[in-house]
Protein chains: 2
Amino acid sequence: MKAIILFGHGARDVRWREPFDRLATLWRAQHPNTAVELAFLEMMQPSLEEAVGPLAQKGAQEIVIVPVFFGQGGHLRNDFPVLLQDCQKRYPALKLSATSAVGESPAILQAIIDFGAAAL
Amino acid sequence: MKAIILFGHGARDVRWREPFDRLATLWRAQHPNTAVELAFLEMMQPSLEEAVGPLAQKGAQEIVIVPVFFGQGGHLRNDFPVLLQDCQKRYPALKLSATSAVGESPAILQAIIDFGAAAL
């Protein structure tokens, strides 16, 4: 069984996570057979490792982690690979992998352009 | 004449801005009659105020600022309105306005869901 983690930066203001909660709700409605968890790099729970646990308990054998970040800077190039490696060591039976940041997706960039154009 | 500013957080690693540069390139290709500038909250140039200047010089009378952020936390709720107000004071003849964060757009959230689904 595959599962997915949507991984965001996190922020002090709890309202920051609202679009992430909406993403999880959308995912569950559209892909009910693929379990999803949110996870955050800092300032919000759960951490990446805390999100992996429940998915493993649900029987996930493969987990794809999607960094919901625009840019690929130090967080994704330096911090994230270490977290991923730590999770892999803790859950050696799981196959963990990660996509590029969502900001690398042409469709997402186009959706941002269209959002801006609609506001003019 | 209307213009647009795509406003991001900024990061230490210069590679973080790559998707923002792509957004500006896409915008110029698709909306050549509406001038665009990037601007950043911190750690990258130009600032919001530094981005407004060139647009005003090009003859912009209205500038729509699109926060390219997922969540609306302290940066957008506290820091950004102050920056916007300061810009408005400095350029009183311009009409400045801002959209919600792009993370509030259902189309952008759907594009993220689709990106995740394609990776499974």
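Placed above this text is the structure.
What counts, and where the lines are drawn
- Residues numbered from 1 in each chain as written.
- Chains lettered and ligands numbered in written order.
- Predicted model: local features only at pLDDT ≥ 70, side-chain atom pairs only at ≥ 80, totals over all residues.
- Helix = DSSP H or I, 4+ residues; strand = E, 2+ residues; numbered from the N terminus.
- Rg over C-alpha atoms; globule rule 2.2 N^0.38 Å.
- Buried ≥ 20, exposed ≤ 12 C-beta atoms within 10 Å, placed from the backbone.
- Pairing = 2+ DSSP bridges.
- Right-handed = clockwise from strand over helix to strand, strands pointing away.
- Least-squares fit on C-alpha atoms with pLDDT ≥ 70 in both.
- Contact = placed C-beta atoms within 7 Å.
- Nonpolar A, V, L, I, M, F, W, Y, C, P; charged D, E, K, R; others polar.

A. A look at the overall build of chain A. From N to C terminus, chain A includes four helices and four strands. Overall, chain A shows an N-to-C arrangement of helices and strands of β-α-β-α-β-α-β-α. In terms of overall dimensions, chain A is globule-like: its C-alpha atoms have a radius of gyration of 15 Å, near the 14 Å expected for 120 residues. Seen through its principal axes, chain A has C-alpha atoms that stretch 50 × 35 × 30 Å. Across the 120 residues in chain A, those meeting the buried criterion constitute 42%.

B. Local environment of the pairing of strand β2 (residues 35-40) of chain A. Residues and elements named next belong to chain A. Among the six residues that make up β2, five are buried, leaving the element largely enclosed by the rest of the structure. Sheet topology note: the strand β1 (residues 2-8)/β2 ladder contains six bridges and is parallel. Paired with Phe-7 across the bridge in β2 is Ala-39. Handedness of the crossover joining β1 and β2 through helix α1 (residues 18-30): right-handed.

C. Up close: the relation of the copies chain B and chain A. In the superposition of chain B on chain A (RMSD 0.0 Å, axial shift 0.0 Å), the rotation amounts to 180 degrees. Expressed as a symmetry operation, the mapping of one chain copy onto the other fits a two-fold axis. When each C-alpha of chain B is compared by its distance to the rotation axis, Ile108(B) comes out closest, at 3.0 Å. Comparing contact sets, 100% of the residues at the interface of chain B also lie at the interface in chain A, consistent with an isologous, same-surface contact.

D. The arrangement of the interface of chain B and chain A in detail. Chain B puts 45 residues into the contact, and the matching count from chain A is 45 residues. Taken together, the elements giving at least two residues each to the side of chain B that touches chain A come down to β1 (2-8), α1 (18-30), β3 (62-67), α3 (74-90) and α4 (106-118) of chain B. The element best represented in the side of chain B that touches chain A is α4(B), accounting for ten residues. Class assignment of the residues belonging to the side of chain B that touches chain A gives a composition of 23 nonpolar, twelve polar and ten charged.

Everything listed here is a matter of coordinates, which is why it stays silent on function.
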